[in-house]
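# Structural characterization, general
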Amino acid sequence: MSDEVLGADALRALCAAGDESHHALSDTPYLLCDPAGLDDDDALTAWLRTCPCPVIGIGDGHAAVTDTCDAIAGSDRELAAMTAAIRRTPLAATVLVQLLRASEGLPLEAALIAESLAYATLQGGREFRAWLAGHRPAPPPAPDDGPAVLLERDDERLRLTLNRPSNRNAMTVEMRDALCEALQLALLDPGIAQVRIDARGKCFSTGGDLGEFGSAPDTATAHAVRSLALPGRLLARCGERAAVTLHGACVGSGIEFPAFAARTEAREDAWFQLPELKYGLIPGAGGCVSVTRRIGRQRTAWMVLSGQRIAARTALEWGLIDAIIPAP
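Below you will find a few notes about this structure. (Residues numbered from 1 in each chain as written. Predicted model: local features only at pLDDT ≥ 70, side-chain atom pairs only at ≥ 80, totals over all residues. Heavy atoms only, no water.)

### Remarks on the overall build of the protein
- Assigned secondary structure in the protein consists of 15 helices and 13 strands.
- The C-alpha radius of gyration of the protein comes to 20 Å, within 12% of the 20 Å expected for a compact globule of 328 residues.
- A principal-axis box enclosing the C-alpha atoms of the protein has dimensions of 65 × 40 × 35 Å.
- For the protein, the proportion of its 328 residues judged to be buried stands at 51%.
- Of all intrachain contacts in the protein linking residues separated by at least 6 positions in sequence, the fraction that spans at least 24 positions is 71%.
- In the structure as shown, the protein presents an accessible area of about 14600 Å², 53% of it carried by carbon and sulfur atoms. (Helix = DSSP H or I, 4+ residues; strand = E, 2+ residues; numbered from the N terminus. Rg over C-alpha atoms; globule rule 2.2 N^0.38 Å. Buried < 20%, exposed > 50% of the residue type's maximum accessible area, 1.4 Å probe, protein only. Contact = heavy atoms within 4.5 Å. Areas by Shrake-Rupley, 256 points an atom, 1.4 Å probe, with all protein chains shown as cover.)

### With respect to the nonpolar core
- By size, the foremost hydrophobic cluster in this structure holds 78 residues, and its most contacted members are Phe-272 and Leu-305.
- With 7 residues, the single largest contributor to this core is helix H8 (residues 173-188).
- By size, the runner-up hydrophobic cluster in this structure holds 13 residues, among which are Leu-6, Cys-33, Val-55 and Cys-69. (Core = buried A, V, L, I, M, F, W, Y, C linked by side-chain atoms within 4.5 Å.)

### Quick look at the environment of Ala-242
- For Ala-242, the position within the fold is in strand S8 (residues 242-246).
- When near neighbours in sequence (up to four residues on either side) are disregarded, Ala-242 contacts Val-195, Leu-235, Ala-261, Ala-262 and Arg-263.

### Some remarks on unusual backbone geometry
- Within the chain, Arg-168 stands out as a residue other than glycine whose phi angle is a positive 55°.
- Tracing the backbone shows Arg-168 in the loop between strand S6 (157-162) and H8.
- Its identity is not glycine, yet Asn-169 carries a phi of approximately 50°, on the positive side.
- Examined against the element boundaries, Asn-169 turns out to sit in the loop between S6 and H8.
- The exposure class of Asn-169 is buried, given its relative accessible area of 0%.

### Remarks on the state of the cysteines
- Taken as a whole and assessed by the stated rule, the structure comprises 0 disulfides.
- Unpaired in terms of disulfides, Cys-238 finds its nearest cysteine sulfur in Cys-180, a separation of 11 Å. (Disulfide = S-S within 2.5 Å.)

### Quick word on the environment of Ser-116
- Here Ser-116 is to be found in helix H6 (residues 108-123).
- Sequence spacing of Ser-116 and Gly-284 is 168 residues, and the spatial spacing of their C-alpha atoms is 6.3 Å.
- Sequence-distant contacts of Ser-116, that is, excluding residues within four places in its chain, are made with His-223 and Arg-226.

### A closer look at the packing of aromatic side chains
- In the structure shown here, the tally under the stated rule is 5 aromatic pairs.
- Seen in terms of ring centroids, Trp-302 and Trp-318 are 5.6 Å apart; in terms of plane orientation they differ by 85°. Their pairing is edge-to-face. With Trp-302 in helix H14 (residues 297-306) and Trp-318 in helix H15 (residues 312-318), the pair connects residues that are 16 residues apart, well separated along the chain.
- Exposure remark for Trp-302: the relative accessible area of 9% places this residue in the buried category.
- Three or more aromatic residues joined by ring pairs form one cluster here, namely Phe-128, Trp-131, Phe-213 and Tyr-279. (Phe/Tyr/Trp six-rings, centres within 6.5 Å; stacked < 30°, edge-to-face > 60°.)

Right under this line is the structure:
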């Protein structure tokens with residue numbers, strides 16, 4: 001049964017037998033592992049890292065085994081959330097952990113290409129198509145005045161402010177293109193020594209606009225667009241000059257993008273979530289790279305597989321943000 005928690009002997013037996021019963025197309029789309037009592041075992045580690053499904057560790061376990069697992073469930077609630085999500089979208093869950101394993105040691109640019117290709121694969125998959133078929137786009141909000149991103153230059157400092165508060169600063173095509181244009185300016189102008197990014201309204205950003213999901217003509221074109229216009233890639237190129245101030249909801253690309261900055265600060269009211277799995281997708285704005293390089297692949301997988309929010313204090317403890325600042 002997929003809900004059986006396997007200990008050391010059982011895992012080694014499966015490894016020795018070359019077991020392939022746990023995979024996204026089977027009734028057992030995850031593998032539950034009890035790390036207690038497991039010593040370092042190179043063969044077992046290699047096998048677990050190639051399992052065609054998420055490997056979920058139960059409890060803290062030993063460090064070496066914890067690194068081998070894709071995510072750790074520290075409570076029955078966390079385990080229930082993750083297993084339910086994997087059962088709903090086993091293909092997306094499997095692609096997620098396979099991507100995180102494979103891209104762990106890749107250079108940033110190569111890892112971003114791998115993420116985009118994985119995302120494109122899922123855009124053409126049955127889980128995303130099923131979500132898309134049942135989704136009714138919300139009516140567009142009242143338009144906000146001014147450009148999507150406000151630019152304010154003060155000598156060597158450039159401030160960028162997300163300016164679509166009525167749409168919770170969703171990362172629409174308009175917002176993406178405005179961010180790319182502004183960040184390209186910062187990269188081309190050697191006189192800009194500091195780039196600071198914040199947002200107007202109740203929150204930094206609730207991520208991608210669901211009304212635009214699936215609007216690309218095809219998945220290959222969508223991948224090409226991400227390769228050419230990904231704000232996070234440009235933010236990373238700004239290096240130590242870049243800092244982001246976060247508040248309120250930071251959902252999906254609303255944390256994937258700022259996580260590329262050298263420094264992220266958040267107000268106490270900030271909270272963070274990666275909900276893409278429920279759409280049959282994975283983080284596709286660079287989050288499998290930016291978030292992972294801040295908090296590690298296990299915690300990234302935990303955020304995506306569980307879909308749970310984390311508060312600013314937890315984000316600081318994990319390293320997703322660098323400081324908590326007072327509200328203005």
